[in-house]
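So you can see what is in the structure, the chains are spelled out below.
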Amino acid sequence: MLSKKMYDVLNAQVNHELESEYVYLQLAAWSAAQNLEGFASWMKHQAEEERVHAMKIHDFIIDNGNEVELSGIDKPKLNIKSPVDVFRASLKHEQKITKNIHDCYTVALAEKCYRSQVMLQWFIEEQLEEEATAKSVLDKLESLKDSPSSIYWVDKELKKRGA
Ligand code: OFO
């Protein structure tokens, strides 16, 4: 069994990952409505990854003999007005999730929960990668200044994910 403190932060993290899924589904929906097929497909792939992340922690909690307790997921608060905003929102969201994961790891250290530490190390590396990916697309979009031809080119590049 996990300690109460360890359980509480991990159980909350299942919900944070499901919130991430919602955020990416919303970003996919905005992109699809603008006919940005590449953006939409990239965001849908990311939403699927977030579900996998949630289930990794979900299954870890169950393997430890605890019960997952889901809570409600709020409507994503996003204010998207342009393609560059899509990746701004992604990076901002990932920075928040990184902090959540680091907070979980802080508890795992304090609680001397070695198995949670090992499990969370995967997430620490994953967050580094997710922030770096979102930042690199954002940097491109910002340097290309949202011009129609550059958005067309980035959209084509984004479509390659999972293709
Ligand atoms: Fe689960 O990594 Fe993004 O949020």
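From a predicted model like this one, the values you see are computed outputs, not experimental measurements.

Criteria and thresholds
- Residues numbered from 1 in each chain as written.
- Predicted model: local features only at pLDDT ≥ 70, side-chain atom pairs only at ≥ 80, totals over all residues.
- Heavy atoms only, no water.
- Helix = DSSP H or I, 4+ residues; strand = E, 2+ residues; numbered from the N terminus.
- Expected span 1.5 Å × (residues − 1).
- Bend = angle between axes of the 7 residues up to and from the residue.
- Buried < 20%, exposed > 50% of the residue type's maximum accessible area, 1.4 Å probe, protein only.
- Contact = heavy atoms within 4.5 Å.
- Phe/Tyr/Trp six-rings, centres within 6.5 Å; stacked < 30°, edge-to-face > 60°.
- Lys NZ or Arg CZ within 6 Å of the ring centre and 35° of its normal.
- Polar contact = N/O pair within 3.5 Å; in protein donor to acceptor, adjacent residues only side chain to side chain.
- Salt bridge = Lys/Arg side-chain N within 4 Å of Asp/Glu carboxyl O.

K.L.:
Break down helix α4 (residues 114-144) for me, citing the residues and quoting the values.
P.N.:
With 31 residues, α4 should cover 45 Å at 1.5 Å per step; its first-to-last C-alpha distance of 46 Å lies within 8% of that length. Where α4 bends most, at L120, the angle is about 25 degrees. Those residues of α4 that fall on the buried side of the exposure criterion are S116, Q117, M119, L120, F123, E126, Q127, E130, A134, V137, L138 and L141. Tucked inside the fold, the buried residues of α4 contact α1 (4-33), α2 (37-63), α3 (83-110) and α5 (148-158). Downstream of α4 by one or two residues, K145 has phi in the positive range, about 60 degrees.

K.L.:
Mind laying out the packing of aromatic side chains, listing which residues take part and the relevant values?
P.N.:
Per the counting criterion, the structure on display carries three aromatic pairs. Between W42 and F87, the ring centres sit 5.0 Å apart and the planes meet at 65 degrees, which makes this aromatic pair edge-to-face. Taken together, the residues W42 in helix α2 and F87 in helix α3 connect sequence positions 45 residues apart. One exposure class covers both W42 and F87, and it is buried. Site record: aromatic cluster; members linked through ring pairs are F39, W42 and F87. Geometry around W122 places K56 over its ring, the cationic atom sitting 4.0 Å from the centre.

K.L.:
An account of the environment of S143 is requested, with residue identities and associated values reported.
P.N.:
Mapped onto the elements, S143 comes out in helix α4. A relative accessible area of 55% places S143 in the exposed class. Taking C-alpha positions, S143 is 13 Å from F87, a pair spaced 56 residues apart along the chain. Within the local environment of S143, its side chain forms a polar contact with the backbone oxygen of K140, the two atoms lying 3.1 Å apart.

K.L.:
So what about the pattern of salt bridges? Which residues, and what values?
P.N.:
Per the counting criterion, the structure on display carries eight salt bridges. Note that D103 and K99 form a salt bridge whose closest N and O atoms lie 2.9 Å from each other. Note that D103 and K99 are positioned in helix α3 at a spacing of four residues, about one turn of the helix. Under the relative-accessibility criterion, K99 is labelled exposed at 51%.

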